[in-house]
Each structure stands twice: as C-alpha cells, then as structure tokens.
Number of protein chains: 4
Amino acid sequence: MIVVMKSGAAPEQIQKAKDTMIELGYQPHPIEGVLRTIIGAVGDERGKPEDVEALSILEGVEKVIPILPAYKLASREFSPEDTKVTVGDVVVGNNKVPVIAGPCSVESEEQVMEIARAVKEAGASMFRGGAYKPRSSPYTFQGMGIEGLKILAMAREETGLPIGTEILDPHDLDAVVEYADVLQIGARNSQNYALLKQVGQSGMPVLLKRGMSTTIKEFLMCAEYILAEGNENVMLCERGIRTFETATRNTFDLNAIPVLKERTHLPIIADPSHGTGYWQYVTPMALASIAAGADGIIIEVHNNPEVAVSDGGQSLKPHKFKMLMEKAAPVAKAVGREI
Amino acid sequence: MIVVMKSGAAPEQIQKAKDTMIELGYQPHPIEGVLRTIIGAVGDERGKPEDVEALSILEGVEKVIPILPAYKLASREFSPEDTKVTVGDVVVGNNKVPVIAGPCSVESEEQVMEIARAVKEAGASMFRGGAYKPRSSPYTFQGMGIEGLKILAMAREETGLPIGTEILDPHDLDAVVEYADVLQIGARNSQNYALLKQVGQSGMPVLLKRGMSTTIKEFLMCAEYILAEGNENVMLCERGIRTFETATRNTFDLNAIPVLKERTHLPIIADPSHGTGYWQYVTPMALASIAAGADGIIIEVHNNPEVAVSDGGQSLKPHKFKMLMEKAAPVAKAVGREI
Amino acid sequence: MIVVMKSGAAPEQIQKAKDTMIELGYQPHPIEGVLRTIIGAVGDERGKPEDVEALSILEGVEKVIPILPAYKLASREFSPEDTKVTVGDVVVGNNKVPVIAGPCSVESEEQVMEIARAVKEAGASMFRGGAYKPRSSPYTFQGMGIEGLKILAMAREETGLPIGTEILDPHDLDAVVEYADVLQIGARNSQNYALLKQVGQSGMPVLLKRGMSTTIKEFLMCAEYILAEGNENVMLCERGIRTFETATRNTFDLNAIPVLKERTHLPIIADPSHGTGYWQYVTPMALASIAAGADGIIIEVHNNPEVAVSDGGQSLKPHKFKMLMEKAAPVAKAVGREI
Amino acid sequence: MIVVMKSGAAPEQIQKAKDTMIELGYQPHPIEGVLRTIIGAVGDERGKPEDVEALSILEGVEKVIPILPAYKLASREFSPEDTKVTVGDVVVGNNKVPVIAGPCSVESEEQVMEIARAVKEAGASMFRGGAYKPRSSPYTFQGMGIEGLKILAMAREETGLPIGTEILDPHDLDAVVEYADVLQIGARNSQNYALLKQVGQSGMPVLLKRGMSTTIKEFLMCAEYILAEGNENVMLCERGIRTFETATRNTFDLNAIPVLKERTHLPIIADPSHGTGYWQYVTPMALASIAAGADGIIIEVHNNPEVAVSDGGQSLKPHKFKMLMEKAAPVAKAVGREI
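Procedures and definitions
Residues numbered from 1 in each chain as written. Chains lettered and ligands numbered in written order. Predicted model: local features only at pLDDT ≥ 70, side-chain atom pairs only at ≥ 80, totals over all residues. Helix = DSSP H or I, 4+ residues; strand = E, 2+ residues; numbered from the N terminus. Buried ≥ 20, exposed ≤ 12 C-beta atoms within 10 Å, placed from the backbone. Pairing = 2+ DSSP bridges. Axes fitted to C-alpha atoms, helices over the stretch in contact; angles between N-to-C directions. Contact = placed C-beta atoms within 7 Å. Expected span 1.5 Å × (residues − 1). Domains from an automatic or database assignment. Parallel < 35°, antiparallel > 145°, perpendicular 65-115°, else oblique. Nonpolar A, V, L, I, M, F, W, Y, C, P; charged D, E, K, R; others polar. Least-squares fit on C-alpha atoms with pLDDT ≥ 70 in both. Core = buried A, V, L, I, M, F, W, Y, C linked by C-beta atoms within 7 Å. Left-handed = near helix turned anticlockwise from the far one by under 90°. Arc of directions from axis to C-beta.

### Here we look at the overall build of chain A
Part 1: In terms of helices and strands, chain A carries eleven helices and 14 strands.
Part 2: For chain A, the C-alpha atoms occupy an extent of roughly 75 × 45 × 35 Å along the three principal directions.
Part 3: Within chain A, the proportion of its 339 residues that are buried is 65%.

Put into structure tokens, the structure is as follows:
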C-alpha cells in the first residue's frame, strides 16, 4: 500500500509513519515528491484493512492507498483457471450456458409442477422457487416454508431438474440443505455475514446475489466469506444495482460480467428478471447477458403472473419463456457457446 | 391506488381491471381522460403490494400508482404524537437531545473503561460499543463476542450510562438482551427481516440504522417489521447512503431528518461518524444534525484511534468529543432544545 | 394528472383544488377514498409541469401525480412508426446496425487518415472524431477546432464515410455544420438547452448523448427540445450513467435500450467505449448492445492509444476493432439484423 | 503519481513504463512489492490527466493512481487564506453569513418589487431572480430575458440589494453583465466549459452551482476553469446531487460544506431550496447549513407560490422567510457568526 503524507509533513511524522509500517510488518520505501512525500509499504496487505486504517490516521498522513484488492481466494490472480460449480448433473462455468427458471415464490404444488414441467420442456437446466421470502412489507406472504421445500423436491423428482432456493435465516439452514441443491443468498442478505459463514460451512453450492449497493469489489469480499470457510462452490449473480433511474426497478449492471470475468475465477449468472423488474425487458436483457459472457441466466417464470403472490410483473409466462429460449440459442452460438 | 390503462386499451381490458379490483376488495372509479382511462381503486392498500402487482400485470394496464404508503404503524397519520423511547433513565424524543458515544468495537476492558469515563464526563447520555462486528473482510477482527458484552456491562456499572450494542446473528439475541439496554441493527442488516422480527419480539429498545441503499419509504417499512411485532421502542438512525460521491465514505443524508419528522412519530438519531467517515467532518455535521432537528446523535469516540481495530479514521479523541459537546450546547439552545 | 389530498383535508381545500383545475383547463373528477380524497384532472398535461406545480402547492394537497409523460413529439404514442435518420448514405433505424468509429480527438491529419482507413476497411459505416473537446481540466488539450474539422472532411473525402463531431459552443455552430454530417451533443451538454435549440434549428442529424445523471424521461425531454424546433433527425445515445460503482468509468445502462424502444420512435445508439471506460470491456458490451436491440454502436478507435490526447484507455486499436466487427456480425444475425 | 504494474509484468514492460515517465517529465522510483512492482513518478501532475492516461494504457500496467488533485488555483494548498468575494457592498467569506433571496423566475415588475421589498425588510443581503430559465420542457416559460434583467435592476435601485441572475447562453453575456452583480451558473451548465470560460473572462463575481452528478473534485475543476481565466471571484454553491432517494427532489449534500472548507479557499453557499425541493424542508436545512459552516445561503421566496411559473413548491412565502431569518440568527451566533 502507499502512504501519502500531507504537504509540509514534519520529518518526525514521516518517521512515525515508517516506524508504524515496520511494526505492522511492512517495509517502507519513501519517495520525496515535488509537493509531498509518499511512502510505499512493501508487504501483503490483502485482508488487512485495519493496517490501512492504522496508517491513515497518523498525524501528517493525507491518505493511504491500498494496491492489492482485499479479497484473495476469489481473485483470478490466486486461481487463474475458471472455477466450475457442479449442481446435480449441471456444470456451471462451462461452454454450456445453463438457464435457471421458475417462479419467485412457491405457492402450491399445482403451480410449481405446472411451471417446472413447462420450463423443463423449454430447455431449462435448473428450477428455482422461493420457500422463504424476504418481503419489504411484514404484512405480505412470507413464503410456505418447509412445505414449500417439499414441493420443490417433488418438482425435482418429476423433472430431474436440480433445485435452487433462497435461505434467509440461519435457523432454516438444515431444512434447506436437506431439500435443495443450491442455496441462494438474496441481495438484501449479501452482507449478512453470519449467514454467509453458515452457508460457507454447509459446503453446498451457493448462488450469491449482489447487493443493491454493493460494489464489485465488495461483492467479491462477500464471496470471500464463503470461500474462506472452505466452500468453493460459489456462483456470483448480477441482479441490478440501485441508481437514480426509475424506469427499471433496478439498474441491471451488465458491465459487471466482463469486469468479474477479469477479476475472478468464479462463474457469473445474470438475473434480468430482478435486474429490470419488467417482463417486457427480460428477453432483450437475457440475450444481452449471454452476449456479454454470462455463464448462466436465471429467469422468473410464472404460469399465471396476474395472481402471483410476488414479483408477478417481472415474470414471463411459459410460452414467452419458450420464445426466450429459442432466441437465446443463436445468440449463445454467436459467441461460441450453447444453451 | 390508481390504475392507468394504456392509450387505446380495449373496453374488455378496462372491464377486467375493474372486476379484478372488486375481487381484491376495492371499489373501482373509472375516469375517462383525453388519451387514456384511469381507474381509482377505493380501499386500504397499505401492506398489500401484491394487489398493486396483480393489477399492474393485467393486459391493457400501463401502470398502477399506490396512493397510501405501505407502512402503517410507523406513520404519523396513524400515530400523530411523537413517540418517546425510554432507555434506562434516558428519554429519546424529548426536548433534550441525548448524545450516544463510544468506540466502534469493544477491544479491551481498559479501553472501554477509559472511553466510557471520558464520554460520561463530557456529558454523553448513553454508551455504545460493538461486541459483534460486521466486517467487510472475513480476515479481520469480528468482535469480542460475549466477553465484549460483559465489558460493556461493567462500563454501565461504573458510569451509569445505558449501553447500546449491535446484534448481527439471531443466535446471539439472548446474550445481547441480557447485557445491553438498546439493540442496534446495522446498515447491512437493515433488510434482514428474520433479525428484525426477532428484535421486534424481544420488546427491547432498538436503534435501527438506515441501509446504504434504503429509501426513506423502505426505511419506514423496516421499522414496520419491528413495530408489527408489538415493539414500539424504535429509534431511526440516519447514517449515510451510498451515492457517486467518494469524498465522504457515505453521503450523510441530513435531509432525512425533516422528511422523517413529517412522516413518522418515531425519534430520529443522526450518526455523523459513519455518515461522513472522517473525524474532521464529524463535528460540523453533528452540529448540523442538531440544527436540522435530530432527536439525538451518536458519535464514535476512541482513546487511541491509531490502534483502533475498526473505523479509527472516523473516531474522535476524547478531548475533541468534549469540544463537540461544548459546541453542540449553544446550537441545541438556538433551536429551542438542550443537550 | 391526479391530485391526492391530505388525509383530513377541509372541504374548502378540496373545492379550491377543483376550482384551480378548472382555471388551468382541466376537468376535475373527485374520488373519495378510505383515508383521503383524490381528484382526477382530465386534460392534456403534456408539456405543462407548471400545472403540476400550481396544484401541488395548494393547501391541503399532499401530492400531484402526472399521468402522461412530459414529452410528446418524442413519444411512440405520438409517432408509432420507427423513425429513420439518414446521414449521407447511411440509414439509422433500419435492419442494418451501423457502426460509428474513430478517435476521441482529432490530433493530426496523419492520425485521422490512418484510423479512418482502418475502420472503413473493417466495415464501419461512419467516422467520428472530436475537433472541440469538453475536458474536465482547463489545462489540457481542448481540441484542434476548425483545423480539426477540415481534417475530418478530408477523411470523408477519402473514405466516403459520413462524419460526426461534437459541438460545444453555439459560436461554433456554423463551422461544424459546414464540415460535419452529424452534430454530436455530449453528455455534459445534454441539458444545455440553448445549444439544443440551436442544433434543432440547424435541421442537421443530431446524435444526442444521455447525461450522466439524466433519467430516461429527462433524456426524452432533451430530445423534445430538438424535435420542437422541427428537426426530426435525432439519434439517442446511451453512454453510461453515474452510480456508486467505480470498477467502470460509468455504469453503461444497457437497459435503456429496450426501455427507449418501448417509449420512443427515435433510433438508439450504444456507446460502450464511454459507457465502460476500459478498452477490455468494450467488445463484450458492444455485442451485448446489439443483442439488446441497439440500432447502432459507436466505438472509439485509436492507432496509438498510448499517446492519445484523450480517452486513450477506452480506445481499441484497429486490429481489435476489426475483431469486434467480426464478432459483431454473427450476434447481429442471431437477433435478425446485420452489421 | 503511482504506476502499479500487473503481477508478473515483464522487465521490458517495467522499463517501458519508466522510460515513458521520463519522456513525460517525471522521475521514476520503482518499488518491488511482494506481488507486483509499483513505480512512483515524481513530478507535478496537476492539470495533466493525459499523463495519467498515457501511462495507464501501457502494456503490463494495471492502473495509475494520481496523488495530487487535478485542480491547482482552487486548492487551499495553493492559497491557504480564505478568499472573500465582494458583491456590491456585501462581502462573502466573512464572519457574516449573507442571505441571498428572491423568486426562481422574474415574472413581472410587481412580483419582483413586492418580493424584493419583503426580503430586504426581513434582512436579506442580496436579491436573486431568473431572467433566463433552463426548463426541462421546451414548452414551458423560458424567462423574460432582457426585460427581466431590467426589472431586476429596478429592484436593486429601490432596495439597494445587489442582484444575482443565471446566465445560460454565451450570447446573453453582455446583457447579463450590464444589469447583474453576480453571474449564476446553474447545475445543468456546471460542465458547460464554453460558458465557464466566458464568465471567467468577464471578471464578474460568479455563483457556480454544483452539477447534479458532479463530485466535489470535479466541482473544483469547474471552478478552476473560471479561476484559470484570472477571475478569482468565485463562490461555490451546493444545491443537491442526484441519488436514488426520491423523498427529496435532490439529495442536498451538506457534507460538501466541511469537505470544501478543507480543500478550497473559495466561499461556499448552501441552497436548501433546490437541495430539498420542498418548502417545508427549507428552514431546517438552512439552519443546518449555517451550523455546518456555510458562508452564505440562497433561498427561494415567492409572494404567491401557487401561481409561480417555476419551482413554486420549493419557495417560501415572505412571512415564512422572515421566520427563517429569525431562526437563523441564533444558530449563526451559536457557531460564532452572524446573519
């Protein structure tokens, strides 16, 4: 990292900064500039934000600039090869771009079965559905809970599709692990570190959604929490960030795909349903995601969005999902992949 | 709520929208406009975002505009009188503006005692310190846990100041409730609904921080989660939102104070330490918070910020905190309050 | 528009609101709700934000909600057919997706000629280069001015490619109109209404860039300024918005493409070079733009980015641009278009 | 500035970076770190972003980190003493906090005179009113133009208050200079560099508003454009930035006050009327501005906001403005200043 001294910093202040570096285990390399002195600190600062802070508050110090990212296990530097995450018989991070589809919430056996059959037939690789729902209002449907998990398991039984579902509360971990193939961490819990550690310890494949105000750097730090528990089965999911634009529910940040591809070895899933929030934008943005290099896409599908208990407006009907799949195939092929 | 039909919507589509409203329990009042029809839906839509969605995805519907806010118990309309939250012998929401002070993290008995004595002497009303810490890196200090709670209790013993501390994991609830006087929900957990419900059930006073990308409306919905469990002891805390500006760590949104005063009866605490992220901006923004109408302020104080294990750069040293208190008194008086 | 009265508004206040509506030329339709009265105002509020405001500040009024967008000529409702903009022999808004390429700044005849030949050979349809540059620092190169325009004209002469260049100052309008085929309005001037009116009056094709903090609604209002002068040759250009994310220079908002396609008849150009700010992200995001439905893309190309006087880091070298063109063709085909 | 080489950069790449630095006039100081080499470049990089870019795109370079801010004349380092700007007989940047007040738009002689007398009586130090208006819609009132300027001059004649008004179009410069005492640059033109240069050349006092998506660093670069023309009479005006929050029209960024106080010697004016967009939040945020250290405040006042042609909803009526002045006096006194 680099310590920038204030213009006119006293020699003792510079000395104090150097001494502190040495105490913290770094080797100081001062450079006297035209207007101020800077001091390079040679050492491995990864995972030590407290060292940055300890130096930044010394007297005479203007700022401290970290050079290395704070994440390590998640970095491509640490692990140059693409990681592949296996879920049932589906491999994510391969040439094939899996499509995860299903309703926002599990509402009934009938609903789940109908949608599961439809998305399977249209070519989906995995099924998703929420049994525990993070709702912005305490008065709305909070999910079917364990009954919902059982219905999801029935859908897997019938279609053979692996099942992904969200986990909200550490108390539900055992139940979710018993029934699901992928644990999903939602945007609102992306910095719920207690939960991240627990899904890390579970060893299960995790679909980690980016938080609404999470930078890409921080997103990789969230993944690091899971990786640090020895669980390498992490898929990153771009699902939109919060900006001033209100024409879409979120600003689906497709740029995150090439940026993440460069910085990390983990596979990237794109979620245009939450990313845009309106069903009519889902198909073009799904195609764009594949063109940008996503390793998978996740799409909300509902047989009857008008009566869906959550996120109906961003769900595709099965026949529109089928059309999406038909359009996605040539785009995937155009970028050298397949659906 | 109001349903706006698309220009050229068919009569059957308009009929369908009206029928759906009636099914959902609303009375439809159509108005034929110059370019399109709108339909007012008379009824109480609070806490029913699913109704908004059910209507918004009907064919021929352009959009649905809710009229009432989704929160109810938190609204000033529901409860016009200011709520006062009592913590030990401190009343928040009164003419007196309490100052909560203390270190970001509990690091040792010695550190806590020294700071607690100093802030007590300078006139603080409550003491704060983190025993469980949400850190962006899994490799950094995560808090002293139950040992930290015990140290906080010792500080209360000696100074008489009530104690506030953050709760991260539902598993720690019993321990935190045993030792603390106020449960703090941090910005990263502001939409961790599982946790909100549990602190609601505890009945304890709660200091609820605004999330980094939480609108004021959503913030009140987070409070509603706690209120809906029958716990009225909720203090709202503005601590900065995430914007494009990087000169401050967050953009401390002081505007939230008059906006919240208008919309809710709950007391508002301002946190200029997290809000700005730099100790040199804390005092002016603390004074501004009081001038804007905050019911309390919360300030990070550390006896030795250079070696603080977290957030050192935004902590005031005790003598600077004392100066802040001296400057705060006349500002409070200027707006008809006292410190 | 809809006027929402406060809960408990007095009958005289409601009457005043109705009277004011009538004065302003609207027909009031009150609906008495459970908690408050709302009044629908039937009339054409487009282009009359002052009516919204006049009503919103009446006593007893909580808020006013406009139903119609403030733009008219730009709306698809007004003009359902896609507008085609013709520049030289290039038609924008057709099945063919034109590629506009060239350096950020005109630096010399040699530089321009070399790049122009290269992009022509690789298949570009138009050439771009800045003769007047909006630079964030007053101390940096501000463009070659009229000499730069002449060099651009020479490039057109040799390659046959139409020329696009930015206009910053109304004083330069005559010169730019004399040499260029397309006038470009940059992000920083997207709400410089004096300039918008003048390019509108020129009748020339305009490439209007979205401002860094311009919503899609406001972007269409900027276009409306040009259209209102009788100039229909407007191309909208998405080039990234400002958000909290710093991994990219801007957050290239690809979602704007399907949103604009729905709301307006004007063609949409995508600018992944400014949108992302880093050359290595340009190609994936260019492909994504085409997949999302862009009517054209604009790409920065420089023969020697290391010595470019502006925006070098986001420029592609000619051979990388050629590779982009080769990758773009099958993606365009996959979505039923061609390059 | 500091050049960070990629991990594993080849020795020739490091050599090339050093050579390039020398060519650009910097002295290279390489430091070999644990994972990568960094090279300090000793020299004065202020005002040379092109050097940063030239280095950042060399092969093997990961990123370049500037150490010095890009502005020079605006920096407190360059000019440690507070600058005082004199407008008529008002000095801005002194212990006294001047209040600038008046309507958004000049609408008639009668309106202006009535408001001017009222704000003068309440204690305002300057009068403001728009003769040229930047309106988001081309169909709304665009200002009275030169007639408006004449009315403003009459208000000065009668009340003795200096006059501030916005300039939008370089064509109007002569007229505005003839009638006004302060030239105002609005948020939408804050990066209209052609205009900034011209107001710089005029030598007149300038009130420069921060753009909606302008960082504090960029804001100071905008000021630098005016200062670089030899005009030191620049007042910076915080008027709100654009964020995701919609409860206020903008997010009035009060934190900018202490940040700017630290970085620049120029006086800072706070505009809570545009900053919040709602009259009921103006008074608390005006008081907060003074408490935070603003050198002046600017307030919209209208005698009849219901019929104001622009920004009525954020205007105070004269009697409310008078109350604001009465409340402001003790707050100013509490922070050691006076109104």
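So that's the structure; there's more coming.
### Observations concerning the sheet that holds strand S2 (residues 27–32) of chain A
Residue and element names in this part refer to chain A.
Part 1: Read from one edge of the open sheet, four strands run S2-S3-S1-S4, paired in antiparallel fashion. In the strand order of this sheet, the two ends are held by S2 and strand S4 (61–65), each with one partner. Each neighbouring strand pair of the sheet contributes to a mean axis angle of 20 degrees, computed without reference to strand direction.
Part 2: Examined bridge by bridge, S2 and strand S3 (residues 37–42) share six bridges and lie antiparallel to one another. Across the sheet, His29 pairs through a bridge with Gly40, a residue of S3.
Part 3: Strand contacts of helix H1 (residues 11–23): strand S1 (2–5), S2, S3 and S4, with the helix running at about 150 degrees to S2, the strand carrying the most contacts.
Part 4: Each of S1 and S4 touches helix H2 (residues 49–56); the most contacted strand, S4, lies at about 165 degrees to it.

### Section: helix H10 (residues 279–292) of chain D
Part 1: With 14 residues, H10 of chain D extends 20 Å from end C-alpha to end C-alpha; this agrees with the ideal 20 Å at 1.5 Å per step.
Part 2: Of the residues one or two after H10 of chain D, Gly293 of chain D is the one with positive phi, at around 110 degrees.

### Concerning the domain arrangement of chain A
Part 1: By the assigned domains, chain A splits into domain 1 (2–65) and domain 2 (85–334).
Part 2: Its C-alpha centre places domain 1 of chain A at a distance of 43 Å from the equivalent point of domain 2 of chain A.

### Overview of the packing of helix H6 (residues 193–202) of chain C against helix H7 (residues 216–227) of chain C
All names here are of chain C.
Part 1: At a minimum axis separation of 7 Å, H6 and H7 run at an interaxial angle of 45 degrees. In terms of axis orientation, H6 runs oblique to H7. Here Tyr193, Leu196, Lys197, Val199 and Gly200 of H6 lie close against H7, whose contacting residues are Cys222, Tyr225 and Ile226.
Part 2: When grouped by side-chain class, the residues that make up the contact of H6 with H7 number six nonpolar, one polar and one charged.

### Some points on the relation of the copies chain A and chain B
Part 1: The two copies are related by a screw operation: chain A maps onto chain B through 180 degrees of rotation and 0.0 Å of translation along the axis, at an RMSD of 0.0 Å. What the rotation and shift describe, once combined, is the action of a two-fold rotation axis. Closest approach to the rotation axis among the C-alpha atoms of chain A is made by Ser213 of chain A, whose C-alpha sits 2.8 Å away.
Part 2: Both copies present the same face, since 100% of the interface residues in chain A are matched by interface residues at the equivalent positions in chain B.

### Digging into the interface of chain B and chain D
Interface size is commonly expressed as the accessible surface area that is lost when the partners come together.
Part 1: Contact with chain B, which involves 34 residues of that partner, is made by 34 residues of chain D.
Part 2: Those elements that place two or more of their residues in the side of chain B that touches chain D are helix H8 (256–263), helix H10 (279–292) and helix H11 (318–334) of chain B.
Part 3: At eight residues, the largest contribution of residues to the side of chain B that touches chain D is made by H10 of chain B.
Part 4: Across the side of chain B that touches chain D, the residue classes break down as 20 nonpolar, ten polar and four charged.

### Quick notes on the sheet that holds strand S2 (residues 27–32) of chain B
Residues and elements named next belong to chain B.
Part 1: As summarised here, the arrangement of the four strands in space is S2-S3-S1-S4, forming an open sheet in which the pairing is antiparallel. What marks the edges here is a single partner per strand, and that holds for S2 and strand S4 (61–65). Each strand of the sheet is rotated relative to its neighbour by a mean of 20 degrees, with strand direction disregarded.
Part 2: Sheet contacts for helix H1 (residues 11–24): strand S1 (2–5), S2, strand S3 (37–42) and S4; angle to S2, the most-contacted strand, approximately 150 degrees.
Part 3: Along the sheet face, helix H2 (residues 49–56) touches S1 and S4 and points at about 165 degrees away from the line of S4.

### Some details on the relation of the copies chain B and chain D
Part 1: For these two chains of identical sequence, chain B goes onto chain D by a turn of 180 degrees and a shift of 0.0 Å along the axis, with RMSD 0.0 Å.
Part 2: By residue overlap, the copies meet face to face through one surface: 100% of the interface positions of chain B are interface positions in chain D.

### Topic: the environment of Ala334 of chain A
Part 1: Examined against the element boundaries, Ala334 of chain A turns out to sit in helix H11 (residues 318–334).
Part 2: Classification of Ala334 of chain A by C-beta neighbours within 10 Å gives buried; the count is 23.
Part 3: Counting along the chain gives 281 residues from Ala334 of chain A to Glu53 of chain A, while the straight-line C-alpha distance between them is 48 Å.
Part 4: Excluding anything up to four places from it in sequence, Ala334 of chain A contacts Pro330, Val331, Lys333 and Ala334 of chain C.

### Remarks on the nonpolar core
Part 1: Counting residues in each nonpolar core, the largest one holds 378 residues, and the members touching the most others are Val331 of chain A, Val331 of chain B, Val331 of chain C together with Val331 of chain D.
Part 2: Those residues within four positions of Val331 of chain D in sequence are excluded, and the remaining contacts are Ala291, Val331, Ala334 and Val335 of chain B together with Leu287, Ile290 and Ala291 of chain D.

### Describing the packing of helix H8 (residues 256–263) of chain A against helix H10 (residues 279–292) of chain C
Part 1: At a minimum axis distance of 9 Å, the contact between H8 of chain A and H10 of chain C shows a crossing angle of 130 degrees. Our classification of the angle between H8 of chain A and H10 of chain C gives oblique. For the crossing formed where H8 of chain A meets H10 of chain C, the hand is right-handed. Together, Ile257, Pro258, Val259 and Glu262 of chain A of H8 of chain A and Gln280, Tyr281, Pro284 and Met285 of chain C of H10 of chain C make up the contact between the two elements.
Part 2: Residues belonging to the contact of H8 of chain A with H10 of chain C are distributed by class as follows: six nonpolar, one polar and one charged.

### Let's talk about H1 of chain A
Residues and elements named next belong to chain A.
Part 1: If you check H1, its first and last C-alpha atoms are 18 Å apart, about what 13 residues at 1.5 Å a residue would give, namely 18 Å.
Part 2: Every buried residue of H1 is listed here: Ile14, Ala17, Thr20 and Met21. Looking straight down H1, one finds that the buried residues subtend no more than 125 degrees of arc, so they occupy a single side. Of the residues in H1, the exposed ones pointing more than 90 degrees away from the buried face are Pro11, Glu12, Asp19, Ile22 and Glu23.
Part 3: Check the buried side of H1 and you find it contacts S1, S2, S3, H2 and S4.
Part 4: Looking one or two residues past H1, Gly25 carries a phi angle of roughly 95 degrees, positive in sign.

### Quick notes on the interface of chain A and chain B
Part 1: Across the contact, 41 residues belong to chain A and 41 residues belong to chain B.
Part 2: When residues of the side of chain A that touches chain B are traced back to their parent elements, those giving at least two are H2, helix H6 (193–202) and helix H7 (216–227) of chain A.
Part 3: For the side of chain A that touches chain B, the leading source of residues is H2 of chain A, giving five residues.
Part 4: Looking at the side of chain A that touches chain B residue by residue, the classes come out as 20 nonpolar, 13 polar and eight charged.

### Quick look at the environment of Lys197 of chain A
Residues and elements named next belong to chain A.
Part 1: With respect to the secondary-structure elements, Lys197 resides in helix H6.
Part 2: The exposure class of Lys197 is partly exposed, given the 19 C-beta atoms found within 10 Å.
Part 3: Residues Lys197 and Glu229 lie 32 residues apart in sequence; the distance between their C-alpha atoms is 6.7 Å.
Part 4: In contact with Lys197, not counting residues within four places along its chain, are Tyr225 and Glu229.

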